[in-house]
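Structural overview for review
The lines below spell out each chain.
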Amino acid sequence: MYENKLDTIEYLKSHLKESATRSDERSLLYFTGTIQEQLGLFTDASQSYHEASLIDAPDAEKMAKATKDDLIL
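Rules used in this analysis
- Here the residue numbers are simple positions, counted from 1 along each chain's written sequence.
- Residues qualify for local features only when their pLDDT is at least 70, as the model is predicted, and side-chain atom pairs are given and counted only at 80 or more; totals for whole chains, interfaces and linings, by contrast, use all residues.
- The side-chain values count all of the structure's non-hydrogen atoms but skip hydrogen atoms and water molecules.
- Aromatic contacts are taken between Phe, Tyr and Trp rings whose centres are within 6.5 Å, Trp giving its six-membered ring; a plane angle under 30 degrees counts as stacked, one over 60 as edge-to-face, and the others as tilted.
- By definition, any uninterrupted DSSP run of H or I lasting at least four residues is a helix, any uninterrupted run of E lasting at least two residues is a strand, and each is numbered from the N terminus.
- Only protein chains enter the accessibility calculation, which uses a 1.4 Å probe; a residue is then buried when its area is under 20% of its type maximum, exposed when over 50%, and partly exposed in between.
- For every element, the axis is a line fit to its C-alpha atoms; helices are fit only across the contacting stretch, and the angle between N-to-C directions ranges from 0 to 180 degrees.
- Small angles under 35 degrees read as roughly parallel and large ones over 145 as roughly antiparallel, with 65 to 115 read as roughly perpendicular and the rest as oblique.
- Note: crossing handedness is left-handed where the near helix turns anticlockwise from the far helix by less than a right angle, and right-handed where it turns clockwise.
- Should any heavy atoms of two residues lie within 4.5 Å, those residues are considered in contact.
- Polar here means any residue other than Ala, Val, Leu, Ile, Met, Phe, Trp, Tyr, Cys and Pro, which are nonpolar, and Asp, Glu, Lys and Arg, which are charged; Gly is therefore polar.
- Every helix has an expected span of 1.5 Å times one less than the residues it contains.
- Side-chain atoms alone can form a polar contact between residues adjacent in sequence; in general such a contact is a pair of N or O atoms within 3.5 Å, and within protein one must be able to donate a hydrogen while the other accepts it.

Moving on: the packing of aromatic side chains. Taken as a whole and judged by the stated rule, the model has 1 aromatic pair. Taken together, a centroid distance of 5.9 Å and an interplanar angle of 40° make the contact between Y30 and Y49 tilted. Taken together, the positions of Y30 in helix α2 (residues 22-38) and Y49 in helix α3 (residues 42-53) put the pair 19 residues apart, joining distant regions of the chain. On the basis of relative accessible area, Y49 is assigned to the buried category, the value being 13%.

Shown next as structure tokens:
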């Protein structure tokens, strides 16, 4: 199970630049960070959240809402 989640993280990270919009990219980084956090990969999650916070775009439609402050904390 853990290995499948790591594969998912790698898949998401490798396809970030293919996102249709900056909002999609921001939300994918946020989603990646949440998976990393759940797995205890806190340094990786912090990096994903940080990268998401640098994107000046709203959240993608139907994705969890996260302000820049939420991502930085």
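This is not the end of the story, as more comes after the structure.
The next point concerns the packing of α2 against α3. Any two packed helices are characterised by how steeply their axes cross, that is the angle between the axes, and by the distance between the axes. Packing of α2 against α3 brings their axes to within 8 Å, and their N-to-C directions diverge by 165°. Considered as vectors, α2 and α3 are oriented roughly antiparallel to each other. Every pair of crossing elements has a handedness; the one defined by α2 and α3 is left-handed. Residues R26, L29, Y30, T32, G33, T34, Q36 and E37 of α2 form the contact with α3, whose participating residues are F42, D44, A45, S48, Y49, E51 and A52. Partitioning the contact of α2 with α3 into residue classes produces 6 nonpolar, 5 polar and 4 charged.

Relative to the 24 Å expected for 17 residues at 1.5 Å per residue, α2 spans 24 Å between its end C-alpha atoms, a close match to the ideal helical length. If you check which residues of α2 are buried, you get S23, E25, R26, S27, L29, T32, G33, T34, I35 and Q36. N-capping of α2 is provided by T21, with a side-chain oxygen placed 3.4 Å from the backbone N of S23. G40, located one to two residues past α2, shows a positive phi value of around 80°.

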